[in-house]
Amino acid sequence: MIESTAPLFCDVEEPRRFTQAEVDWRAANAPANLRRDFKTNTTWDRECDE
């Protein structure tokens, strides 16, 4: 069994970064996706080392 020191999440996800224009568009047109991306970033910041 291979053991990793980082959670699996860190192996399959990466932080999502957007320009303000992209955030504005997503807030107006894809709010559920924007909420998911903010949640992903929060988890990344809490669990993963860059």
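Values in this document were obtained by computation on a predicted structure and should not be read as measured data.

**A short note on the packing of helix α2 (residues 20–29) against helix α3 (residues 31–47)**
To characterise two packed helices, one gives the angle between the axes of the helices and the distance between these axes.
Inference 1: Running from N to C, α2 and α3 cross one another at 125°; their axes reach a closest spacing of 6 Å. Considering their axes alone, α2 and α3 lie oblique with respect to each other. Packed against α2, whose contacting residues are V23, R26, A27 and N29, the element α3 presents P31, N33, L34, R36 and D37 at the interface.

**Topic: the pattern of salt bridges**
Inference 1: Within this structure, the stated rule accounts for four salt bridges.
Inference 2: As a salt-bridge pair, R36 and D37 come within 3.3 Å of each other at their nearest N and O atoms.
Inference 3: Overall, R36 belongs to the partly exposed group, its relative accessible area being 45%.
Inference 4: One salt-bridge network, in which partners are shared between bridges, spans R16, R26, R36 and D37.

Cut-off values and rules
- Residues numbered from 1 in each chain as written.
- Predicted model: local features only at pLDDT ≥ 70, side-chain atom pairs only at ≥ 80, totals over all residues.
- Heavy atoms only, no water.
- Axes fitted to C-alpha atoms, helices over the stretch in contact; angles between N-to-C directions.
- Helix = DSSP H or I, 4+ residues; strand = E, 2+ residues; numbered from the N terminus.
- Parallel < 35°, antiparallel > 145°, perpendicular 65-115°, else oblique.
- Contact = heavy atoms within 4.5 Å.
- Salt bridge = Lys/Arg side-chain N within 4 Å of Asp/Glu carboxyl O.
- Buried < 20%, exposed > 50% of the residue type's maximum accessible area, 1.4 Å probe, protein only.

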